[in-house]
Amino acid sequence: GQLIEKGQLSLELIKANITELMAGAVDTTAVPLQFALFELARNPSIQEMVRREVQSSWASAGGDPQKALQGAPLLKNTVKEILRMYPVGITVQRYPVRDIVIQNYHIPAGTLVQACLYPMGRSEDVFREAEIFKPTRWEKSEQRGFLSLAFGFGARQCVGRRIADNEMQLLLFHIL
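Counting restarts for each chain, with residues numbered from 1 along the sequence as it is written. It should be noted that, the model being predicted, local features are given only for residues of pLDDT at least 70 and side-chain atom pairs only at 80 or more, the latter also being counted only at that level, while totals for whole chains, interfaces and linings use all residues. Side-chain metrics in this entry use all non-hydrogen atoms of the structure; hydrogen atoms and water are not considered.

Further remarks concern helix H5 (residues 73-85). Quick reminder: α-helices carry 3.6 residues per turn. Residues three or four places apart thus point the same way. Here a strand is any run of E in DSSP of at least two residues, a helix any run of H or I of at least four, and the numbering for each starts at the N terminus. What a helix should span is 1.5 Å times the count of its residues minus one. Between its first and last C-alpha, H5 extends 18 Å over 13 residues, near the 18 Å set by a 1.5 Å rise per residue. Note on exposure labels: buried denotes an accessible area under 20% of the residue type's maximum, exposed denotes more than 50%, and partly exposed covers the range between, all computed with a 1.4 Å probe on protein chains only. For H5, a buried count of ten out of 13 residues is recorded, marking the element as mostly surrounded by other parts of the structure. Taken residue by residue, H5 has Leu 74, Leu 75, Asn 77, Thr 78, Val 79, Glu 81, Ile 82, Leu 83, Arg 84 and Met 85 as its buried positions.

Here's what the structure looks like:
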């Protein structure tokens, strides 16, 4: 919005960026959605819990999809859980701007640091019962720090994160 307002982004660049964003979103949402349907089918009790929440939220929202999504935290947690178990990206990389120490390892500024998302999401050191599909692990009472890295984090996180989250939640919402 600021770039348009200041005249720093032409209509052609806006169209190109939107096309790129939407095309990229297809890949990054289709695969997790397939895994979500797979895990919900393998776990009928969880599927029923999420389905009841979705139905209740839809009834309370009076047909407003945004309100309905806000009233379905278990659905949102289902997407987080799928991205933990089946991340779209393989790694998140950063170059620290200053020296850091992580678990007694000194990492000099400018060194490439990678977090490998698949093994991290399946690690018992990071997640209790890591191999089990458990969307409730994302409830506030069970959270232990910042663990969701599927779209990166901070200033360099994926710009399409919100769109991708909404797309996945909306599709699952309508299916359920």
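This is not the end of the story, as more comes after the structure.
The residue Leu 74 is located in helix H5 in this model. For the pair Leu 74 and Met 49, spaced 25 residues apart in sequence, the C-alpha to C-alpha distance is 8.3 Å. Contact definition: two residues touch when any of their heavy atoms are within 4.5 Å. With near-sequence residues (within four places) excluded, Leu 74 lies in contact with Met 49, Val 50, Glu 53, Pro 135 and Thr 136.

Further remarks concern unusual backbone geometry. A positive phi angle, close to 45 degrees, is found at Gln 103, a residue other than glycine. Although it is not a glycine, Glu 129 adopts a positive phi angle of roughly 50 degrees. Position of Glu 129 among the secondary structure elements: in the loop between helix H6 (117-121) and helix H7 (161-175).

A separate point is the UniProt feature "binding site: heme" (unreviewed entry) in the protein. UniProt positions are given in the numbering used here, feature names are shortened, and annotations may be inferred rather than shown by experiment. With numbering aligned to this structure, UniProt lists the feature "binding site: heme" (unreviewed entry) at Cys 158. Following the sequence through the fold, Cys 158 ends up in the loop between H6 and H7. Exposure remark for Cys 158: the relative accessible area of 37% places this residue in the partly exposed category.

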